[in-house]
Amino acid sequence: FFVVLIYAILYGIGIGTAFPISQSIMVLIIPGGKEAGYFGLKTVSAKLLAWAPALCFVSVNEALENRIDLAFLTISPFFVLALVFGIVMDLDKAQQDIKHTLHLRHGVDGGSQLMKEDAIVAGAAPDNTSL
């Protein structure tokens, strides 16, 4: 029971940190103006691969006659693989590569101008004096 509890706690910590970290990394390395496309690619990729850990877990659990403690071990390589990618990834270089595109993001250096243009198009503010 304690082995299962330990792995469940580690799994919870891994899942609980994986989602916010992946979102933060994506925000850091996506070129400006292409956020929707890259987040869409991330979402589709995540949905396509989401079945892999569950399939490994169920396969081992069923093959070893409900040895859930050993089945939890099959999930660990997915976290190790993610850790290796995290260590190998050069975030500083990625940020330098996209630095020239950051002005294209909404809300950054010109986001207020975009809001003014949206308000003018909507008819809320015919000129810049009311903004």
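No experiment lies behind these values; they were computed from the predicted model shown. (Residues numbered from 1 in each chain as written. Predicted model: local features only at pLDDT ≥ 70, side-chain atom pairs only at ≥ 80, totals over all residues. Heavy atoms only, no water.)

## Thoughts on the pattern of salt bridges
Between side chains of opposite charge, pairing is possible as soon as their charged atoms come close. Inspection of every chain in the model, using the stated rule, returns three salt bridges. One salt bridge in this structure joins Asp69 and Arg67, with 3.0 Å as the shortest N-O distance. Residue class for Asp69 comes out partly exposed when judged on its relative accessible area of 22%. Classification of Arg67 by relative accessible area gives partly exposed; the value is 38%. The residue Asp97 makes a salt bridge to Lys93 at a minimum N-O spacing of 3.0 Å. One end of the pair, Asp97, and the other, Lys93, are both in helix 6 (residues 91–98), four residues apart, so they sit about a helical turn from each other. Classification of Asp97 as partly exposed rests on a relative accessible area of 43%. (Salt bridge = Lys/Arg side-chain N within 4 Å of Asp/Glu carboxyl O. Buried < 20%, exposed > 50% of the residue type's maximum accessible area, 1.4 Å probe, protein only. Helix = DSSP H or I, 4+ residues; strand = E, 2+ residues; numbered from the N terminus.)

## Some details on the packing of aromatic side chains
Tallied over the entire structure, the rule returns two aromatic pairs. Taken together, a centroid distance of 5.9 Å and an interplanar angle of 75° make the contact between Tyr11 and Phe79 edge-to-face. Taken together, the positions of Tyr11 in helix 1 (residues 2–29) and Phe79 in helix 5 (residues 76–88) put the pair 68 residues apart, joining distant regions of the chain. Residue classification places Tyr11 among the partly exposed residues on the basis of a relative accessible area of 34%. With a centroid separation of 5.2 Å and an interplanar angle of 65°, the aromatic rings of Phe57 and Phe72 are classed as edge-to-face. Here the residue Phe57 occupies a position in helix 3 (residues 51–63), and Phe72 occupies one in helix 4 (residues 68–73), the gap between them amounting to 15 residues. (Phe/Tyr/Trp six-rings, centres within 6.5 Å; stacked < 30°, edge-to-face > 60°.)

## Some points on a nonpolar patch on the surface
Side chains of Phe1, Phe2, Leu5, Ile6, Ile9, Leu10 and Ile13 sit close together on the surface and give an oily, nonpolar patch of about 800 Å² of accessible area. With respect to the helices and strands, Phe2 occurs in helix 1. (Patch = residues over 30% accessible without salt bridge, like charges linked within 9 Å, V, L, I, M, F, W, Y side chains within 5 Å. Areas by Shrake-Rupley, 256 points an atom, 1.4 Å probe, with all protein chains shown as cover.)

## Brief notes about the packing of helix 2 (residues 35–49) against helix 3
One way to put it is that helix 2 packs onto helix 3 with a least axis distance of 5 Å and a crossing angle of 10°. By the angle class used here, helix 2 and helix 3 are roughly parallel. Together, Lys47, Leu48 and Leu49 of helix 2 and Trp51, Ala52 and Pro53 of helix 3 make up the contact between the two elements. The residue inventory of the contact of helix 2 with helix 3, partitioned by class, reads five nonpolar, no polar and one charged. (Axes fitted to C-alpha atoms, helices over the stretch in contact; angles between N-to-C directions. Parallel < 35°, antiparallel > 145°, perpendicular 65-115°, else oblique. Contact = heavy atoms within 4.5 Å. Nonpolar A, V, L, I, M, F, W, Y, C, P; charged D, E, K, R; others polar.)

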